[in-house]
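Observations on the model geometry
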Amino acid sequence: MTITVILGAQWGDEGKGKLVDGQCQEAQLCARAAGGSNAGHLVRVNGVSYSFHLLPSGLINPKCMNFIGSGVVFHVPTFFSELQELEEKGLTAVHDRILVSDRVNVLLDMHMAVDGLEERELGDAAIGTTRRGIGPCYQTSRARTGIKLTDVFYPDLFEQKVRRLADGYRKRFGELFEYDVEGELARFNEYRETLQKYVVDGVSFMRSAQESNTKIVIEGANALMLDVDYGSYPFVTSSSTTLAGIIGGLALNPKNITETVGVVKAYTTRVGAGAFKTEDTEEIGTKLQEIGREWGTSTGRRRRYLVVVKYSNSINYYDSLNLTKLDVLDTFETIKIAIAYKVDGVELDSYPADLDILNRAEVVYHEMPGWQKPTTNARTYYDLPKAARDYVEYIEKFVGVKVKYIGTGPDREAMVQRA
């Protein structure tokens, strides 16, 4: 048995799905541990692009079982629509290769309505959520008023819980709360019978998987800097995106983990609001957006935000790194790398929790020459230009973790693996 855990080391959108897909080609199980349909993994295989939000990327492999763990917030309509989309794109037996823990919290359309209202309440201090109900669903879970998937199969109990939640929100938001409780209940009357085949005891399932000779790939959602405890709070998601969140969300035995891989983009972007010290909205940032296809994100100047990756490693303790989208930097003359913060001339030891300190901080940069040669056809490490290898090795030395995988393009084959 081997267990490979793949985690985002920055603010998300690092390209985790591609490594998950590669690892899953020989895996028997791919599992999600936390988050919900706010994840977005795009995998391109044989010219076809597959989008994953709630479902694990392991569904691409026809021999791989997939599992949604107890720490996930589970939106039933998205579950079925994603399965249908994958089926229409030609993936085989997707409905027979996905199981869901009976302990997941059910994310209702009600939570989505509340998400939008809470963002409106915050005004200029809005978090910049996906408005997919993730935060409100985790709120009800932690307040012990949430709905577990197992509750869905007890119609009277389910209805009672849904109505109680709706009544509470109506008292809070008044006429602004636009939600059709009768419509939601009617939809679940239709889902109830169909859902049954996918639901399993999540603890028992994962225990059995770990006791068998199974290759397991764990697909992290979002990334360390969006973690509710260790990320750039309050501009974060509402789940635990760390290695600890993976262990808790799947009832995983930490002693069984073979490798933890941190996925790091060759430049830095972030989604949503919040401090982003190397943001560039001008020419270079625009160029990175166009080449890297970073639509709808705040994009860092031609820089690597290594101070964040080092901080991320202090929490997740990666065994190796996957550097993605190296090819996006192929045409840059200079690579500018953020390596530290200084406040009043004093270098900070870590990424600060205090937003005032972060806002006052000066970024310390290290500059390296670019390689200005294509890396897209590289298949071995020494196929890369020397300046690109120097860049990789600088990252390794700074973070203290080996760069084992290097992505050089969107296709499955565009990945250099080092021994």
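Everything that follows concerns the structure shown earlier in this document.
Residues numbered from 1 in each chain as written. Predicted model: local features only at pLDDT ≥ 70, side-chain atom pairs only at ≥ 80, totals over all residues. Heavy atoms only, no water.

1. Overview of the pairing of strand S15 (residues 334-343)
As a reminder of what qualifies: Two strands qualify as a pair provided that DSSP identifies no fewer than 2 bridges between them. The helix count covers DSSP runs of H or I at least four residues long, the strand count covers runs of E at least two residues long, and both are numbered beginning at the N terminus.
With 8 bridges connecting them, S15 and strand S17 (residues 362-369) associate as antiparallel partners. Note that in S17 the partner of Ile 335 across the bridge is Met 368. In this structure, S15 lies alongside strand S16 (residues 346-347), joined through 2 bridges in antiparallel fashion. Across the sheet, Lys 342 pairs through a bridge with Glu 347, a residue of S16. Joining the antiparallel neighbours S15 and S16 is a turn of 2 residues, in which Asp 344 adopts a positive phi near 55 degrees.

2. Considerations on the packing of aromatic side chains
Quick reminder of the rule: Only rings of Phe, Tyr and Trp enter the pairing, Trp through its six-membered ring, and a pair is recorded when the two centres are within 6.5 Å. The plane angle decides the type: under 30 degrees is stacked, over 60 is edge-to-face, the rest tilted. Whether a charge sits over a ring comes down to the Lys NZ or Arg CZ being within 6 Å of the ring centre and within 35 degrees of the ring normal.
Enumeration over the complete set of coordinates arrives at 16 aromatic pairs. Here a set of aromatic residues connected by ring pairs shows up, and it is made of Phe 74, Phe 79, Phe 80, Phe 158, Phe 188, Tyr 191 and Tyr 198. Across from the ring centre of Tyr 365, 4.9 Å away, lies the NZ or CZ of Lys 336, which sits over that ring.

3. A few points about the packing of helix H5 (residues 155-173) against helix H6 (residues 181-195)
Cut-off, in case you're wondering: The convention used is that axes are lines fitted to C-alpha atoms, helices contributing only their stretch in contact, and that angles between N-to-C directions extend from 0 to 180 degrees. Orientation categories follow fixed angle ranges, with anything under 35 degrees roughly parallel, anything over 145 roughly antiparallel, 65 to 115 roughly perpendicular, and all other angles oblique. Crossing chirality is assigned from the near helix's rotation relative to the far helix, an anticlockwise turn below a right angle marking it left-handed and a clockwise turn marking it right-handed. When checking whether two residues touch, look at their non-hydrogen atoms; a contact exists if any pair is within 4.5 Å. Residue polarity is assigned by list, with Asp, Glu, Lys and Arg as charged and Ala, Val, Leu, Ile, Met, Phe, Trp, Tyr, Cys and Pro as nonpolar; anything else, Gly included, falls into the polar class.
Two numbers describe how H5 lies on H6: the axes approach to 11 Å, and their chain directions differ by 155 degrees. Regarding the angle of H5 to H6, the classification is roughly antiparallel. Here H5 runs over H6; the crossing is right-handed. The residues of H6 that touch H5, namely those facing Pro 155, Phe 158, Glu 159, Val 162, Arg 163 and Ala 166, are Val 181, Glu 182, Leu 185, Phe 188 and Arg 192. Considering only residue class, the contact of H5 with H6 consists of 7 nonpolar, no polar and 4 charged.

4. Observations concerning the pairing of strand S9 (residues 215-219)
Condition: Exposed residues in this analysis have more than 50% of their type's maximum accessible area, buried residues have under 20%, and partly exposed residues fall in between, with area computed by a 1.4 Å probe over protein chains only.
S9 sits mainly inside the fold: 4 of its 5 residues count as buried. As judged from the 4 bridges shared by strand S2 (residues 29-35) and S9, these two strands associate in the parallel manner. Each bridged residue has a counterpart across the sheet, and for Cys 30 the counterpart in S9 is Val 217.

5. Concerning the nonpolar core
Formally: Among buried residues, those of type Ala, Val, Leu, Ile, Met, Phe, Trp, Tyr and Cys that are joined through side-chain atoms within 4.5 Å constitute a nonpolar core.
One finds Ile 218, Leu 250, Leu 326, Tyr 341 and Tyr 391 to be the most contacted residues of the largest nonpolar core, which totals 64 residues. Tallying contributions element by element places helix H12 (residues 386-399) first for this core, with 7 residues. The residues touching Ile 218, leaving out its near neighbours within four places in the chain, are Ile 3, Thr 4, Val 5, Ile 6, Ala 31, Ile 246, Leu 250 and Leu 252. Residues Leu 54, Phe 74, Val 106 and Leu 108 belong to the second largest nonpolar core, which totals 45 residues.

6. Some remarks on the environment of Arg 418
Defined as follows: Polar contact criterion, stated in full: a pair of N or O atoms within 3.5 Å, where within protein one must be able to donate a hydrogen and the other to accept it, and residues adjacent in sequence count only if both atoms are side-chain atoms.
Structurally, the position occupied by Arg 418 is in the segment after strand S19 (415-417). The exposure class of Arg 418 is buried, given its relative accessible area of 14%. Taking the C-alpha atoms as reference, Arg 418 lies 16 Å from Lys 325; in sequence the two are 93 residues apart. Leaving out residues up to four positions away in the same chain, Arg 418 has contacts with Tyr 381, Val 392, Glu 396, Lys 402, Val 403, Lys 404 and Ile 406. Reaching out from Arg 418, the side chain makes a polar contact with the side chain of Glu 396 at a distance of 2.6 Å. Only 2.9 Å separates the side chain of Arg 418 from the backbone oxygen of Val 403, close enough to count as a polar contact.

7. Examining helix H3 (residues 109-122)
Cut-off, in case you're wondering: Helix span, expected: 1.5 Å multiplied by one less than the number of residues in the helix.
Across its 14 residues, H3 extends 21 Å between first and last C-alpha, which sits within 8% of the 20 Å expected from 1.5 Å per residue. If you check which residues of H3 are buried, you get Met 110, His 111, Val 114, Asp 115, Gly 116, Leu 117, Glu 118 and Glu 119. Buried-residue contacts for H3 involve strand S7 (105-106), helix H4 (134-142), H5 and H6. The positive-phi residue at the C-terminal boundary of H3 is Gly 123, with phi of around 60 degrees.

8. Description of the packing of H3 against H4
As a packed pair, H3 and H4 sit with axes 7 Å apart at the nearest point and diverge in direction by 110 degrees. As far as their axial angle goes, H4 and H3 are roughly perpendicular. Where H3 abuts H4, its residues His 111, Val 114, Asp 115 and Glu 118 lie against Ile 134, Pro 136, Cys 137, Gln 139 and Thr 140. Of the residues in the contact of H3 with H4, the class split is 4 nonpolar, 3 polar and 2 charged.

9. Considering the pattern of salt bridges
Put simply, the rule reads: In the sections that follow, a salt bridge refers to a side-chain nitrogen of Lys or Arg positioned within 4 Å of a carboxyl oxygen of Asp or Glu.
Enumeration over the complete set of coordinates arrives at 18 salt bridges. The residue Asp 411 makes a salt bridge to Arg 44 at a minimum N-O spacing of 2.7 Å. Placement of the pair is Asp 411 in the loop between strand S18 (403-407) and S19 and Arg 44 in strand S3 (residues 41-45), with a sequence separation of 367 residues. A salt bridge links Arg 103 to Asp 201, with the shortest nitrogen-to-oxygen separation between them at 3.3 Å. Here Arg 103, found in the loop between strand S6 (98-101) and S7, pairs with Asp 201, found in the loop between strand S8 (199-200) and helix H7 (202-211); they are 98 residues apart in sequence, far enough to count as distant.

10. With respect to unusual backbone geometry
The peptide bond linking Tyr 233 to Pro 234 adopts the cis configuration, its omega dihedral lying at 10 degrees. If you trace the backbone, Pro 234 turns up in the loop between S9 and helix H8 (243-250). Even without a glycine there, the phi angle at Tyr 317 is positive, about 50 degrees. Mapped onto the elements, Tyr 317 comes out in the loop between helix H10 (306-316) and strand S14 (320-324). The class of Tyr 317 is exposed, set by a relative accessible area of 60%.

By themselves, these are just geometric observations and shouldn't be taken as functional.
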